[in-house]
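Chain by chain, the residues run as shown.
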Amino acid sequence: MSKFYDELHTNRKNLAKNTNFLSDERYNELIEIILELTAGRKKKQPKDFRLIKRYDVLVVQGKTKLIFPVKDDNVVLYYVPNSELFDVLQTTHVSIGHGRRAKENLENQAKKMMAWSEKKLLPVAVHSTVRVPVPEVDKGRLDARSILAIVLEVTSDGFYRLGTRDGVLKQLYARSQFTVCQKKLLQIYEVPIDTEVALRTVSKEQSTGTGQGFLKCI
C-alpha cells in the first residue's frame, strides 16, 4: 500500500494545476459546508454556489458521503479522500473480476490456438527435430531468424516442450509455432536438461555472429 501512495504522490507532480485531490480534512470540511448550505444555516456567498454545483452529500448505511450532484440519469458519483483511494480501487478491481478475467482470457486464447493446431497440423513425435521462428522483437540484426530444437515432451493438453543444445526452452509451444524437419538433426543427449534458456538466448548462440553457422531442415 505504501508503494501505491508513493507512486501516486510522484505522479501527481506531473498533473495539471487545476487537478484536485481531497485530503481527509478537506473531504470532511466540504461535507460540513454542503450540509450547512443545503440546510440554510449559512448565508450563501458567490463561491458557495460553485460548491453546490460541484458537491452534494448522501448518507449510505449511516455514513455521510461526498458525491457529485445527481443528474437526471440517477448515476451516483462518489468523491474519495486520499486515505481511501487504495481500498476503493482494490475492492473495485476484485469485484469486477479483472484478475480472474485476464487469466481466463489467456486460457481461452491458448485453447483456441490448440484447437486450430490440432485441426490444421499433424502431431509431432517426441525426439523429432523442429525449427522455431524467432520473433523480430527477440532477435538482433545478426541473430538467427529461427532455431533448431528437439521435442522433449508433449504435455497432456497438447503443448510441446522443446530442447536445444543450449538448454530447454522456458515456454511451452503450440503445434502451430514450429515446423518439423524431415531429418533428425539433434539428439536428446545433446540437450542440457537441467538448463532453462530463453528463445532470444538460443537465437544469439545460433547466429552468424557466433561463427557457428546454421543447420537446415531438409
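Heads up: the structure comes first, above all this text.
Summary of the structure given here.

Thresholds applied
Residues numbered from 1 in each chain as written. Predicted model: local features only at pLDDT ≥ 70, side-chain atom pairs only at ≥ 80, totals over all residues. Heavy atoms only, no water. Pairing = 2+ DSSP bridges. Helix = DSSP H or I, 4+ residues; strand = E, 2+ residues; numbered from the N terminus. Buried < 20%, exposed > 50% of the residue type's maximum accessible area, 1.4 Å probe, protein only. Polar contact = N/O pair within 3.5 Å; in protein donor to acceptor, adjacent residues only side chain to side chain.

**Considering the sheet that holds strand S7 (residues 167-169)**
The 6 strands lie next to each other as S8-S4-S5-S6-S7-S9, forming an open sheet whose pairing is mixed. Of all strands in the sheet, those with a lone pairing partner are strand S8 (179-180) and strand S9 (196-197), marking the two edges. Bridging between strand S5 (residues 146-154) and strand S6 (residues 160-164) involves 4 bridges; their strand directions are antiparallel. Counterpart to Ile150 in the pairing with S6 is Gly163.

**Comments concerning the pairing of S5**
Burial analysis of S5 places 7 of its 9 residues in the buried class, the great majority of the element. Of the strand pairs in this sheet, strand S4 (residues 129-133) and S5 are connected by 5 bridges, and their pairing is antiparallel. Each residue of the ladder has a partner; that of Val130, found in S5, is Ala149.

**Description of the pairing of S6**
Among the 5 residues in S6, 4 count as buried, and that is most of the element. What sits between S5 and S6 in their antiparallel hairpin is a turn of 5 residues, with Gly158 showing a positive phi close to 90 degrees. Bridge count between S6 and S7: 2 bridges; the pairing is antiparallel. Along S7, the bridge assignment pairs Thr164 with Gly167. Between the antiparallel neighbours S6 and S7 lie 2 residues.

**Some details on the side chain of Ser128**
Relative to the helices and strands, Ser128 resides in the loop between helix H5 (98-120) and S4. For Ser128, a relative accessible area of 15% puts it in the buried group. Only 2.8 Å separates the side chain of Ser128 from the backbone oxygen of Ala125, close enough to count as a polar contact.

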